[in-house]
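The chain contents come next:
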Amino acid sequence: MASKSWMTLMLLLLITWPESTSCDGQTDPPEDLVISDLGHLGHLQIRWSPPASFMNMTECSKLYQLEYFNTYKNSWTAIRTVQPEHLAQFDLMKEVRVRVYTLLTGPCIGGTMVKSTRYTELVQKPSSTGVAGTAVQDFVCVYHNRQYLECNWGGNPKMPANSRQNLYFWHKGLKQADECPKYLISDGTRSGCNFTGNSLPEFSDINFCINGSSPEGPLKTTFFSLQIQNKMKLETTEELHLETGPGKQLKLHWEAPVWNSPGHCLEWEVEHKQEGPNGKIATISTKQMSLTLPFEHDSQRNCFRVRSKVNKYCAERSFWSEWSRPICHPENKEVAPEPGWDMVPIYVYIAVAITAILVLSLCVGLVFRRISRRVKKPDSLLTNLFTRNAVGSAREA
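Since we're looking at a predicted model, the values are computed, not measured.

Parameters at a glance
Residues numbered from 1 in each chain as written. Predicted model: local features only at pLDDT ≥ 70, side-chain atom pairs only at ≥ 80, totals over all residues. Heavy atoms only, no water. Pairing = 2+ DSSP bridges. Helix = DSSP H or I, 4+ residues; strand = E, 2+ residues; numbered from the N terminus. Patch = residues over 30% accessible without salt bridge, like charges linked within 9 Å, V, L, I, M, F, W, Y side chains within 5 Å. Areas by Shrake-Rupley, 256 points an atom, 1.4 Å probe, with all protein chains shown as cover. Salt bridge = Lys/Arg side-chain N within 4 Å of Asp/Glu carboxyl O. Buried < 20%, exposed > 50% of the residue type's maximum accessible area, 1.4 Å probe, protein only. Contact = heavy atoms within 4.5 Å. Phe/Tyr/Trp six-rings, centres within 6.5 Å; stacked < 30°, edge-to-face > 60°. Disulfide = S-S within 2.5 Å. Lys, Arg positive; Asp, Glu negative; His and termini not counted. Charge placed at Lys NZ, Arg CZ, Asp CG, Glu CD.

A. Quick peek at the sheet that holds strand β14 (residues 189-194). Sheet architecture is open: 6 strands sit in the order β13-β14-β10-β9-β18-β25, paired in mixed fashion. Edge positions in the open sheet fall to β13 (183-186) and β25 (318-319), since each of these has one partner strand only. Looking at chain direction, strand β9 (residues 137-144) and strand β10 (residues 148-154) are connected through 6 bridges and run antiparallel. Following the sheet pairing, C141 is matched in β10 by C151.

Printed below as a string of structure tokens:
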């Protein structure tokens, strides 16, 4: 009985052995790996074909493991898929490195999963076209109060004169890349792009490309990718209120800027400045829109100002808003300055100058009138003399 069971077990091993050896780690990797640029400024299509040996493995499920080097995170990213293609985001200014394995699972390997020890790999070098040293620098985008995006860049010191930059952008809502709707000009050169009126999606990669031309040849192409909610900058806080409370307390409260997001997304910084001989400045972080602090001396002046930004739970990174106008306790008592030449408004100087010119003009006019009178008197005497002589001669005749 035992020998019969042993023979049955051996027969089962012989039946399954050939397929098990073909389904171990020696299976073939995928073939015909291709990376295609669809004009989406770094959003590339990766495609491959199954190995020919898959045709004989009807009892196994076929999968693929795609791995690509993510230069934004400086690490490898791996995904598993049944489809022989995938779309992924790359920085086209760096190497594109992709490799793909085959995966088998099913009865042929006892219900486990096996990955091929070999893989198909493709490395694509970045483009080397463009005049050296002409890539733009300091590319920064700011999403103002969740209303419009503005991007700016700086020129390279080696940029040839009369160069012209072009900005293109793409996101998943566009079929093809589009050009900047409104360029910003600085010193006659394009230095940024304003997207006011253009609907750009949040929580979605937006790819940017800046290229251009110059008298010396094409400019170096630069690529950038970002999500606009991570570049948020809120409006300046306008409404601050400061009042005294019981027990020598200062109560500060303010209103959030108008924007279409929940209040828990905001965090605040309050700058507290104490003026006086032992004055100091402190910065207080808070998630509330109010603050209560004690104050010791009535004569000591306390000033506050506030700024805000979107916190890390609603955006990976964001910008602080501008500081609000300061508000103080006690308030400033404006003292009228003593009159002095340095405090005289400019229009007083102008009035004095005009008066001086008028007086001088009158004096000059009087002088000219007196001179003209003196000149006219001798003329009149001579005229009378000649007239008398003429009359006398006429009488004698």
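B. Quick look at a nonpolar patch on the surface. Judged by side-chain polarity, I350, I354 and L358 come together as a nonpolar surface patch covering roughly 290 Å² of accessible area. Classification of L358 as exposed rests on a relative accessible area of 53%.

C. Representation of the side chain of Q165 within the structure. Structurally, the position occupied by Q165 is in strand β11 (residues 164-170). If sequence neighbours within four positions are ignored, Q165 has contacts with V136, W153, M159, Y183, T189, R190, I210, N211, G212 and L219.

D. Representation of the packing of aromatic side chains. According to the stated counting rule, one finds 9 aromatic pairs in the structure shown. On the numbers, 5.6 Å between centres and 70° between planes, the contact of W48 with Y64 is edge-to-face. Pair noted here: W48 is in strand β2 (residues 43-49) and Y64 is in strand β3 (residues 61-70), with a separation of 16 residues, a long-range link. A relative accessible area of 5% means that Y64 is categorised as buried. Their ring planes at 90° and their centres at 5.1 Å tell us that F169 and F195 sit as a pair that is edge-to-face. Of the two residues, F169 is situated in strand β11 and F195 in the loop between β14 and β15 (206-214); the sequence distance between them amounts to 26 residues. This pair shows no difference in class: F169 is buried, exactly as F195 is.

E. Fine view of the state of the cysteines. Considering all chains together, one arrives at 4 disulfides under this definition. Through a disulfide, C141 is tied to C151; the S-S separation comes to 2.0 Å. The sign of the S-S torsion, about 110°, decides the handedness of the disulfide formed by C141 and C151: right-handed. Taken together, the positions of C141 in strand β9 and C151 in strand β10 put the pair 10 residues apart, joining distant regions of the chain.

F. Main features of the pattern of salt bridges. Taken as a whole, this structure holds 10 salt bridges when the rule is applied. With a closest N to O distance of 2.9 Å, D28 and R118 form a salt bridge. A residue pair is termed long-range when its members are at least 10 positions apart, and D28 in the loop between α1 (2-22) and β1 (31-37) and R118 in the loop between β7 (113-115) and β8 (120-124) qualify at 90 residues. Close ionic contact of K233 with E322 constitutes a salt bridge, the shortest N to O distance being 2.7 Å. With K233 in strand β18 (residues 232-233) and E322 in the loop between β25 and β26 (327-329), this residue pair connects regions lying 89 residues apart in the sequence.

G. Representation of the environment of T221 in the model. The residue T221 is located in the loop between β16 (217-218) and β17 (222-226) in this model. With relative accessibility at 29%, the residue T221 sits in the partly exposed group. As for T221 and T129, which are separated by 92 residues in sequence, their C-alpha atoms are 8.1 Å apart. With sequence-adjacent residues up to four places away left out, T221 is seen in contact with M93, C209, I210 and N211.

H. Representation of a negative patch on the surface within the structure. On the surface, a cluster of negative charge is made up of E235, E238, E239 and E255. For E235, the location among the structural elements is in the loop between β18 and β19 (240-245). The exposure class assigned to E235 is partly exposed, which follows from its relative accessible area of 39%.

I. Unusual backbone geometry, seen in detail. P330 follows H329 through a cis peptide bond whose omega is -10°. Relative to the elements of secondary structure, P330 occurs in the loop between β26 and α2 (346-396). Positive phi is not limited to glycine here, since N162 has a value of about 65°. In this model, F203 sits at a positive phi of 55°, which is unusual for a non-glycine residue. Tracing the backbone shows F203 in the loop between β14 and β15.

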